[in-house]
Structure formats: structure tokens, C-alpha cells
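Chain residues, written in single-letter form:
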Amino acid sequence: MLELEILGSNATAPTKEGPASCYLLRTETGVLLVDAGPGSLAAYCARHELSELRGIVVTHLHADHSLDLMAWAYRWTFPEELPSIPLFFPEGEAERLAAFDAVFGIPTLPTMNRPIAQSFEARPMTRDGVTVYEVDGLVFRSFAAHHSVPSAALRFEAPDGRVLAFSSDTGLCEPLVEAARDADLFVCEATYLEADEQALHGHGHLTARMAGEVAASANARHLVLTHFADPADWEEGRRRAAEVFDGRLDVAVPGSRF
Ligand SMILES: [Zn+2]
């Protein structure tokens, strides 16, 4: 069994629809959090037990995907210390995580000097599309997405062979297509309806139509559009992606499960 629950799908910040980026993967034995955007801890605790959490994967260190890591780390220490779990992040980003700890670490509390480093086991991900990582029996690989900071598209493979892929934030690039190749479910960013060259190919994002094109060229079976800059664009984004992708198509509405 591998179930995806959308906890939050907003780009930039939480809205009344839900938190910024955070997704839950449920297997028979536990859950894995993909991205820890603002609001993710509150949304998780409203529906799930912390004791079920087996690990956290952060696709990249932009605040809308990672800001709540400090909240998670505080919760891992108070009111009771919880057993350490792995925290996966793109290789090369350890220093920025350490800088986060330097800002919010509490020098007078020994267990909170470096909250993230002390709460979680650091697992940098090589974004080579080859190295296999494992959490609680669920294996995955990490691919070099094109974004303004190191960003990891993810490809999870369940024991029954089913594939679930995440784009992370990215512009169009070959590793993204490889991550989504023949995926049963592909969660792909669709930040814009329209955008200029710099936003798409410099900074690195996709339009909803481009997300549809990636899903079609990767031969994904089911596309879930996420990370809209404006939730008001959901229906129009879905319509534009459907012009170029003829598989099953959904929008990552918080609370939905696949
Ligand atoms: Zn980003």
C-alpha cells in the first residue's frame, strides 16, 4: 500500500485552503513527510500521530517547503523528547540548515543548542537519479531539478512496483522527466498560468500547461497539479494541462488522498 495525502499545496505561504507545501506518504507501517512548509506541523498534528512519522524529506530549502523544520525540531524536543528520525535534504545544503540552527538554537538548553541537527539524522541526498535511499521499506531516488537552489525531484517505488514521483520546484529539464518516467502518480508543480523566460528557465518553475507536457512525455498515468502561485488558478490550470495530457488529472487540494 502507498497512499498520498495532500496536507498542503500552496506556493509561498499558508492560505485558508491549507498550509504551504507538505505531503504525506502512508505505507502499511508508517508515514513519511515530503516537505515541511509553514503550517505543516499543525496540519499533521490535527490528523495524525507523531509516533507514526518515520522520516522527513525536504525537496529544497525555500521557506515554503522547509520553514516549519524548526517547528518540527522544537516539537521533537518539547514537551517530551521523541526518537530521532532521518531528515533527507539535497546534498550541499547542510550549511544552510546549520545556519537555521545557529539563528534559533537555544544556548542555555543543552538539547536545543542546534534543534534540527539534534532532533533528526541528517541524510544529504545525491541528486544523481541513481543512489537509492530507504525509509521504512519505501525506496526512493533523487533527481537534479532546475531551480534557484539545489532542488530534488523524487521518485518513490513501493514494494508492489508502483511509482510515485514529485517534481519539487523546477523548470523544464531532463532529470525531471526521468524522475516521472512511467509513474503511476506524478505530483508536479504548476506555479503559473503564464510566466516570462526568467521565471520559467532562470529561477525555474513550470506553467500548468508545461506540467501537462512533462507528464505526457514521461508517460505518467496520473498527474496531480500542485504549487499554484494563486489557488484561484486551480481550475484554469487544470484545463490547460488537460489540453496536452490525456491521463487522469487532479489538483492537489489539501485533504485529498490518492
Ligand atoms: Zn522554490
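Residues numbered from 1 in each chain as written. Predicted model: local features only at pLDDT ≥ 70, side-chain atom pairs only at ≥ 80, totals over all residues. Heavy atoms only, no water.

Draft legend 1. Structural detail: the packing of aromatic side chains. Under the defined criterion, the tally for this structure stands at 10 aromatic pairs. Between Tyr44 and Trp72, the ring centres sit 5.3 Å apart and the planes meet at 70 degrees, which makes this aromatic pair edge-to-face. Highlighted residues: Tyr44 in helix α1 (residues 40-47) and Trp72 in helix α3 (residues 69-75), separated in sequence by 28 residues. Across this residue pair, the class does not change: Tyr44 and Trp72 are buried. Seen in terms of ring centroids, Tyr133 and Phe140 are 5.7 Å apart; in terms of plane orientation they differ by 35 degrees. Their pairing is tilted. Each member of the pair, Tyr133 as well as Phe140, carries the same accessibility label: buried. (Phe/Tyr/Trp six-rings, centres within 6.5 Å; stacked < 30°, edge-to-face > 60°. Helix = DSSP H or I, 4+ residues; strand = E, 2+ residues; numbered from the N terminus. Buried < 20%, exposed > 50% of the residue type's maximum accessible area, 1.4 Å probe, protein only.)

Draft legend 2. Inspection of the UniProt feature "domain: Metallo-beta-lactamase" (unreviewed entry) in the protein at higher detail. Cross-referencing UniProt, the feature "domain: Metallo-beta-lactamase" (unreviewed entry) maps to residues 19-205 in the present numbering. Secondary structure across residues 19-205 divides into 27% helix and 28% strand, with the first and last C-alpha atoms of the span separated by 20 Å. (UniProt positions renumbered as here; feature names shortened; annotations may be inferred.)

Draft legend 3. Up close: the sheet that holds strand β13 (residues 248-251). The sheet built from 7 strands is open, its strands ordered β7-β8-β9-β10-β11-β12-β13 with mixed pairing. Strands with a single pairing partner mark the edges of an open sheet, and in this sheet they are β7 (133-135) and β13. Taking each pair of neighbouring strands and ignoring which way they run, the sheet shows an average axis angle of 20 degrees. Note that strand β9 (residues 151-157) and strand β10 (residues 163-166) share 4 bridges and pair antiparallel. Residue pairing for β10: Glu157 is matched across the bridge by Val163. (Pairing = 2+ DSSP bridges. Axes fitted to C-alpha atoms, helices over the stretch in contact; angles between N-to-C directions.)

Draft legend 4. Spatial organisation of empty space enclosed by the protein. Tallying each qualifying case throughout the model produces 2 cavities of 30 Å³ or more. A volume near 90 Å³ is recorded for the largest cavity. Lining the largest cavity are 14 residues; nearest its centre among them are Tyr23, Asp35, His65, Ser168 and Thr226. Among the residues forming the lining of the largest cavity, the class breakdown is 4 nonpolar, 7 polar and 3 charged. Estimated volume of the second largest cavity: approximately 50 Å³. Along the walls of the second largest cavity sit Leu25, Thr27, Gly30, Val31, Leu32, Arg54, Val135, Asp136 and Leu138, which together make up its complete lining. Here the residues of the lining of the second largest cavity are counted per class, giving 5 nonpolar, 2 polar and 2 charged. (1 Å grid on protein atoms, 1.4 Å probe; cavity = no way out; pocket = protein on both sides within 12 Å on 5 of 7 lines; lining within 4 Å. Points joined across faces, edges and corners; volume = space filled by probe spheres on them. Nonpolar A, V, L, I, M, F, W, Y, C, P; charged D, E, K, R; others polar.)

Draft legend 5. Focus on the nonpolar core. By size, the foremost hydrophobic cluster in this structure holds 31 residues, and its most contacted members are Leu176, Phe186, Leu223 and Leu225. Among the elements that take part in this core, helix α8 (residues 208-218) stands out by supplying 6 residues, more than any other. Excluding residues within four positions of it along the chain, Phe186 makes contact with Ala165, Phe166, Ser167, Leu176, Ala180, Val214, Ala215, Ala220, His222, Leu223 and Val224. The next biggest cluster of nonpolar side chains, apart from the first, holds 26 residues, and it includes Leu7, Trp72, Phe89 and Phe100. (Core = buried A, V, L, I, M, F, W, Y, C linked by side-chain atoms within 4.5 Å. Contact = heavy atoms within 4.5 Å.)

Draft legend 6. Seen up close, the layout of surface pockets. Of the voids in this model, the largest pocket is the one considered here, and its volume is about 210 Å³. Elements represented by at least two residues in the lining of the largest pocket include exactly β1 (3-8) and β10. A class-by-class count of the residues in the lining of the largest pocket yields 6 nonpolar, 1 polar and 4 charged. Volume-wise, the second largest pocket comes out at about 150 Å³.

Draft legend 7. Structural view of the coordination of the zinc ion. At this site the zinc ion is bound by His60 (NE2), His62 (ND1), His147 (NE2) and Asp169 (OD), with donor distances of 2.2 to 2.3 Å. Geometry at the zinc ion is irregular, judged from the 4 donor atoms that bind it and their angles of 88 to 170 degrees at the metal. (Donors = N, O, S within 2.8 Å, 3.2 Å for Na, K, Ca; no water. Tetrahedral: all angles 85-135°; square planar, octahedral: opposite > 155°, others 65-115°.)

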